[in-house]
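# Structural characterization, general
The residues making up each chain are set out below.
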Protein chains: 2
Amino acid sequence: MASPPVSYQGIPGSFSYLAAKQCFPEAREMISAKSFSELFRTVGNSTDGYGVVPIENSLAGSIHEVYDLLHSSDVTVCGEIYLRVAHCLLAIDNSAIEPEGRIGTLKKVYSHPKALEQCRRFFENNPGIEACIYSDTAGAAKFVKDSSTSELAAIAAEESAALYGLQILKKNLEDNPGNFTRFVIISKRPVNSDQADKGSLIFTLPHKPASLFKALEVFAERNLNVTKVESRPIHGSPFEYNFYIDFEFPRGDIQAADEAVTELRNRTRTIRVLGFYKSEQR
Amino acid sequence: MASPPVSYQGIPGSFSYLAAKQCFPEAREMISAKSFSELFRTVGNSTDGYGVVPIENSLAGSIHEVYDLLHSSDVTVCGEIYLRVAHCLLAIDNSAIEPEGRIGTLKKVYSHPKALEQCRRFFENNPGIEACIYSDTAGAAKFVKDSSTSELAAIAAEESAALYGLQILKKNLEDNPGNFTRFVIISKRPVNSDQADKGSLIFTLPHKPASLFKALEVFAERNLNVTKVESRPIHGSPFEYNFYIDFEFPRGDIQAADEAVTELRNRTRTIRVLGFYKSEQR
């Protein structure tokens, strides 16, 4: 793609930043957003900008805050990318001591709560180290650098070491190596893609028996593969659910996708098409 | 039910403890487990014991660690309960100062990472307070009590105030009041219930078009309502998914549930019946 401005959540070095860089290596401007809602506002107000947001993680599941923002905003999903999440332990550079040996001298390790959770075994094996919350992984790395204290460390992506001038004490700190996050690219205007082969939808169903079955029939009848389905209770409406659906269609055949959605409108109560885009393999 | 031993994760006052107490008010023994896997081991080795574990949260979604343990163990789900999650700010008792006024004097607030995340707005509004991770909410309350330091506080359930002799500085600290957790009751032996009206399954599907559709057809043909469906990528198998399904059947009609499962075996690759049990309304 060209060199549009690209928004991501967090600061340089965050996983969202790395995903955004991978999607748009030539971006003319990388815009840091403090929160997902700020990011959606920025993208919604931009005529040519993009945003890159995490939508699901292989361990933690769907990121409902982002789904809620996709649901209530009018931005379009125009791409996706899978990023492997590998956590490193980073500290002030002290080449006099062997890196792994320094772990025993640490007092506090800062990171995003999800990253700390994903490295539970490290803290179980090092009970003397306190796990401290920071708003994001890269911010924790910057905080450790600014502190100039060798008893502190951060859990962050390997790239944060170079970005903030820290030493890597240990790699692959995460309990589960099969940890990847799926990000989607969003924009205000739909992006015409003759490469599109995947669609994402959120819908609600009428209160009738077998209504989910009848909705999925639309895809089955057309030989379109459903790659994700998830029901999510709607707050305040005990027996109502939002359904998240991803489906595949022949590359570039937007008409097939459109026809499925048109028929789906007859079988759902509300429907929001998040976008048709080119799928990436994980 | 009778007065069996009941396992829960965490220490007295944790949300799991409160859920277990609500399910088994007459339990002759409440067994604290350090982790979910320890809890599953305890229940799996017990002839008459039960366990109470969280399986999904209205904000965070499914708790995949518990689903994985349900999948790989041979315990049975025999009940469910919904618990509203309300967080309180608890500190050492100091009746000389008005509770809300003390918030400005706090330095650190300890809690489980999920609870800290759910109270993000409180930390945004009080940037001088550091959010610190503790393994569980009730443990954080106990830690604050043991510290005897008035600059520390914990985020935990209201019940932890009485249990650990702390003062409630503020109630309903959570950003979203629609925060509830669904717990399931597990046991080694299936519990015969003529009140059962809900079933939970985990299955994988053959690599054929419309295989999910054909699986759901089993329920649609029998007028059985599917209340939850979720696809989850299987680690290491890029195009394979586990499907979590909950469905309802007429109260006590285990035969209808069994027939659906029997037919489902013909349409799935692997299937694990977690259990048939009495549903609870949230």
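Scoring rules and cut-offs
- Residues numbered from 1 in each chain as written.
- Chains lettered and ligands numbered in written order.
- Predicted model: local features only at pLDDT ≥ 70, side-chain atom pairs only at ≥ 80, totals over all residues.
- Heavy atoms only, no water.
- 1 Å grid on protein atoms, 1.4 Å probe; cavity = no way out; pocket = protein on both sides within 12 Å on 5 of 7 lines; lining within 4 Å.
- Points joined across faces, edges and corners; volume = space filled by probe spheres on them.
- Helix = DSSP H or I, 4+ residues; strand = E, 2+ residues; numbered from the N terminus.
- Nonpolar A, V, L, I, M, F, W, Y, C, P; charged D, E, K, R; others polar.
- Domains from an automatic or database assignment.
- Salt bridge = Lys/Arg side-chain N within 4 Å of Asp/Glu carboxyl O.
- Buried < 20%, exposed > 50% of the residue type's maximum accessible area, 1.4 Å probe, protein only.
- Axes fitted to C-alpha atoms, helices over the stretch in contact; angles between N-to-C directions.
- Parallel < 35°, antiparallel > 145°, perpendicular 65-115°, else oblique.
- Left-handed = near helix turned anticlockwise from the far one by under 90°.
- Contact = heavy atoms within 4.5 Å.
- Least-squares fit on C-alpha atoms with pLDDT ≥ 70 in both.
- Buried area = accessible area lost by both parts, 1.4 Å probe.
- Core = buried A, V, L, I, M, F, W, Y, C linked by side-chain atoms within 4.5 Å.
- Polar contact = N/O pair within 3.5 Å; in protein donor to acceptor, adjacent residues only side chain to side chain.

### A closer look at empty space enclosed by the protein
Residue and element names in this part refer to chain A. Per the stated rule, a full pass over the model turns up 2 cavities of 30 Å³ or more. In this structure, the second largest cavity spans a volume of roughly 50 Å³. The wall of the second largest cavity is formed by Ile55, Tyr67, Val77, Arg182, Val184, Ser200, Leu201, Ile245, Asp246, Leu274 and Tyr277. Mapped onto the lining of the second largest cavity, the elements with two or more residues apiece are strand 11 (180–187), strand 12 (198–204), strand 14 (237–248) and strand 15 (270–277). Here the residues of the lining of the second largest cavity sort into 8 nonpolar, 1 polar and 2 charged. Residue contributions to the lining of the second largest cavity reach at least three from each of two domains, namely domain 1 (1–84 + 178–191) and domain 3 (192–277).

### A closer look at the pattern of salt bridges
Between side chains of opposite charge, a pair can form as their charged atoms come close. All names here are of chain A. Counted under the stated rule, the structure contains 44 salt bridges over all chains. Where Asp197 meets Arg251, a salt bridge forms, and the shortest distance between an N and an O atom there is 2.4 Å. Placement of the pair is Asp197 in the loop between strand 11 and strand 12 and Arg251 in the loop between strand 14 and helix 9 (254–267), with a sequence separation of 54 residues. Judged by its relative accessible area of 45%, Arg251 falls in the partly exposed class. Salt bridges sharing common partners tie together Glu56, Glu80, Arg182, Lys198, Lys228, Glu230 and Asp246.

### Here we look at the packing of helix 2 (residues 36–44) of chain B against helix 3 (residues 64–72) of chain B
All names here are of chain B. It is at 10 Å that the axes of helix 2 and helix 3 come closest, and there the two elements cross at 30°. One finds that helix 2 runs roughly parallel with respect to helix 3. Of the two elements, helix 2 crosses helix 3, and the hand of that crossing is right-handed. Touching Phe36, Ser37 and Phe40 of helix 2 are Glu65, Val66, Leu69 and Leu70, all from helix 3. Taken together, the residues of the contact of helix 2 with helix 3 break down into 5 nonpolar, 1 polar and 1 charged.

### Regarding the side chain of Glu117 of chain B
Residue placement: Glu117 of chain B occurs in helix 5 (residues 113–118). Setting aside anything within four residues of it in sequence, one finds Glu117 of chain B in contact with Pro113 and Lys114 of chain A together with Asp175 of chain B.

### Side note on the relation of the copies chain A and chain B
When chain A is fitted to chain B, the residual RMSD is 0.0 Å, and the transformation amounts to a turn of 180° plus an axial shift of 0.0 Å. What the rotation and shift describe, once combined, is the action of a two-fold rotation axis. Relative to the rotation axis, the C-alpha of Glu230 of chain A is the closest in chain A, positioned 2.1 Å from it. The overlap is high: 98% of the interface residues of chain A also sit at the interface in chain B, so the same surface is used on both sides.

### Concerning the interface of chain A and chain B
Between chain A and chain B, the residue contacts involve 44 residues of the former and 44 residues of the latter. For the pairing of chain A and chain B, the buried interface totals around 3500 Å² over both sides, and the portion due to carbon and sulfur atoms is 53%. For the interface between chain A and chain B, the tally reads 4 salt bridges. The salt bridge partner of Glu65 of chain A is Arg120 of chain B, with a shortest N-O separation of 3.9 Å.

### Some points on the environment of Thr47 of chain A
Within the element layout of this structure, Thr47 of chain A appears in the loop between helix 2 (36–44) and strand 3 (50–57). Between the alpha carbons of Thr47 of chain A and Ala162 of chain A there is a distance of 33 Å; along the sequence they are 115 residues apart.

### Regarding the nonpolar core
Formed by 52 residues in total, the largest nonpolar core has its most connected members in Phe219 of chain A together with Phe219 of chain B. Residues Leu106, Leu116 and Leu169 of chain A together with Ile133 of chain B belong to the second largest nonpolar core, which totals 34 residues.

### Some thoughts on the domain arrangement of chain A
Residues and elements named next belong to chain A. Per the domain assignment, the segments making up chain A are domain 1 (1–84 + 178–191), domain 2 (88–170) and domain 3 (192–277). If you average the C-alpha positions of domain 1 and of domain 3, the two centres end up 22 Å apart. Across the domain 1/domain 3 interface, buried area totals approximately 1400 Å², and carbon plus sulfur atoms make up 46% of it. Together, Tyr67, His71 and Val77 form the three largest contributors to the area buried by domain 1 at its contact with domain 3, with a combined 38%. With a closest N to O distance of 3.0 Å, Lys198 and Glu80 form a salt bridge. Put simply, domain 1 and domain 3 have 16 residue pairs in polar contact (both at pLDDT 80 or more) between them. Counting residues per element, the ones that place at least two in the side of domain 1 that touches domain 3 are helix 3 (64–72) and strand 5 (76–84).

### Quick look at helix 6 (residues 137–147) of chain A
All names here are of chain A. Buried within helix 6 we find Thr137, Ala138, Gly139, Ala140, Ala141 and Val144. Buried residues in helix 6 make contact with helix 1 (15–23), strand 6 (88–91), strand 7 (108–111), helix 4 (113–118), strand 9 (152–156) and helix 7 (158–164). If you check the start of helix 6, you find a side-chain oxygen 3.0 Å away from the backbone N of Gly139, and it comes from Asp136.

### A word on the packing of helix 9 (residues 211–221) of chain B against helix 10 (residues 254–265) of chain B
Packed helices, taken two at a time, are described by the angle their axes make and the gap between the axes. All names here are of chain B. Interhelical geometry of helix 9 versus helix 10 gives an angle of 155° and a closest axis separation of 10 Å. With respect to helix 10, the element helix 9 is oriented roughly antiparallel. The two elements helix 9 and helix 10 cross, and the hand of that crossing is right-handed. Residues Ala215, Val218 and Phe219 of helix 9 touch helix 10, and the partners they reach there are Ala260, Glu263 and Leu264. A per-class count over the contact of helix 9 with helix 10 returns 5 nonpolar, no polar and 1 charged.

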